[in-house]
Amino acid sequence: MASPGKAVMIRTVAQLCLSTMFALCLGAAAPAPVTLNVTMIDYKFVPDHLTFKHGVHYRLHLENHGKETHEFTAPVFFAAAKIDNPDVLNRELTEVVMQPGDVKDVFLTPGKPGTYDLRCADHDWNGMVGGITVE
Ligand SMILES: [Cu+2]
């Protein structure tokens, strides 16, 4: 006959197995987002053209390596996307403001396929423009 201690141990091991399987299931249901890196310099996006696939979960990783404040301004793109962490954007959800040295991630799933405008609201006059394609 199994001692009470052994029964408790078996139950604990069983629970551990179950929670591990549960964690694996969750992992399978939510794969890691695809990272897309954009660096801002004075006065350019690098790269200046981004291509996303619609319905795919992305981590849009932004770094400002410039000496000036830059903005990742893409109002129509952001409005069409499902954004997991909207607090990283401005209140109107049109852009991400990047102070010099800032590093920010936007977790999002792009909306309908098409081409979208990308610019730095501060420096578009200076050619700091790009584009976004959602396939
Ligand atoms: Cu700028």
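Residues numbered from 1 in each chain as written. Predicted model: local features only at pLDDT ≥ 70, side-chain atom pairs only at ≥ 80, totals over all residues.

So what's going on with the overall build of the protein chain? Which residues, and what values?
Helix and strand content of the protein chain: two helices and 10 strands. By residue count, 24% of the 135 residues in the protein chain fall in the buried class. (Helix = DSSP H or I, 4+ residues; strand = E, 2+ residues; numbered from the N terminus. Buried ≥ 20, exposed ≤ 12 C-beta atoms within 10 Å, placed from the backbone.)

Could you give an account of the nonpolar core, with specific residues and numbers?
In terms of nonpolar packing, the biggest core is built from 23 residues, with Val38, Leu62, Ala74 and Ile132 touching the most fellow members. Broken down by element, this core gets its largest block of residues, three residues, from strand β4 (residues 58-64). Setting aside its immediate chain neighbours within four residues, valine 38 contacts Phe45, Pro47, Leu50, Leu60, Leu62 and Phe72. (Core = buried A, V, L, I, M, F, W, Y, C linked by C-beta atoms within 7 Å. Contact = placed C-beta atoms within 7 Å.)

Help me get a handle on the sheet that holds β4, residues and values and all.
Pairing within the open sheet is mixed, and its five strands lie in the order β2-β1-β4-β8-β6. Whereas interior strands pair on both sides, the edge strands pair on one side only; in this sheet they are β2 (44-46) and β6 (82-83). Pairing geometry for β6 and strand β8 (residues 103-109), over two bridges, is antiparallel. Looking at β8, one finds that lysine 82 is bridged to threonine 109. (Pairing = 2+ DSSP bridges.)

Tell me about the pairing of strand β3 (residues 49-52), and name the residues and values.
Side-chain alternation along β3 places Leu50 and Phe52 on a buried face and His49 and Thr51 on a face that remains uncovered. Pairing of β3 with strand β10 (residues 129-134) involves four bridges; the strand directions are parallel. Across the sheet, the residue bridging to histidine 49 is glycine 131, located in β10.

Keep in mind these values describe shape, not function.
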